[in-house]
Amino acid sequence: PMARMGFTVTGADASARNIGTARSHAAQSGLAIDYRAASAEALAAEGLSFDLVLNMEVVEHVADVEAYLAASARLIRPGGLTIIATLNKTLKSLALAKFAAEYVLGWMPRGTHDWNRFIPPDQLQKILEKSGLPILKTQGVFFDILTWEWRLTSDVDVNYMVVATKPGE
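Just so it is clear, the structure is predicted and the values come from calculations on it, not from any experiment. Starting afresh in each chain, residues are numbered from 1 along the sequence in its written order. Totals for whole chains, interfaces and linings use every residue, but because this is a predicted model, local features are given only for residues with pLDDT of at least 70 and side-chain atom pairs only at 80 or more, for both listing and counting. With hydrogens and water set aside, each side-chain value is computed from the structure's full complement of heavy atoms.

(A) Spatial organisation of the side chain of T165. Strands here are runs of E lasting at least two residues and helices are runs of H or I lasting at least four, both read from the DSSP assignment and numbered beginning at the N terminus. Along the chain, the position of T165 falls in strand β7 (residues 159-165). Accessible area is worked out with a 1.4 Å probe on protein chains only. A residue is then buried under 20% of its type maximum, exposed over 50%, and partly exposed in between. On the basis of relative accessible area, T165 is assigned to the buried category, the value being 16%. Polar contact criterion, stated in full: a pair of N or O atoms within 3.5 Å, where within protein one must be able to donate a hydrogen and the other to accept it, and residues adjacent in sequence count only if both atoms are side-chain atoms. Here the side chain of T165 touches G80 through a polar contact of 2.9 Å, landing on its backbone oxygen. In this structure T165 touches G79, G80, L81, G132, L133, P134 and L136, once residues within four positions along its chain are discounted. Note on contacts: a residue pair qualifies if any of its non-hydrogen atoms lie within 4.5 Å across the two residues.

(B) Broad picture of helix α3 (residues 65-74). Listing the buried residues of α3 in full gives V65, Y68, L69, A71, S72 and A73. The N-cap of α3, judged by a side-chain oxygen 3.3 Å from the amide nitrogen of E66 a few residues on, is D64.

(C) Expanded view of unusual backbone geometry. Of note in this structure, E57 is not a glycine but carries a positive phi near 55°. Among the secondary structure elements, E57 is positioned in the loop between β3 (50-56) and α3.

Take a look at the structure:
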């Protein structure tokens, strides 16, 4: 559907295994996505740029968040957007995103997350602004177990997203 509207969709991950899984899912769904096993730094070094860069549940897994987001910022065309979804570093997130999700509900393998790598919104916002990306909005999200759906909230204590833009030229 995106290709028919003139969009090119590129998916990237530093893990070739993750890219293989994503390609398989896209093929089963009939989606035309250009998947690349590459880091943000490698894509930026190629001179690639995009109107929208999504970093969904990534920054809490990278060793150097500042360097990673600086590379991601270089991938955004002037006037483009980035959306980063991650986990806040609170006791509430430790209980819900780490212990409940990994150990009680089994939504992901045990040990997937290291709470020490979770990042508070103000710290993430400062890193993005240092990379030349003004913040447009910070929004909390939560999983409603009664409806089994994700919902937007003003509560950023566990999961949250930050939307930032790259100023136009």
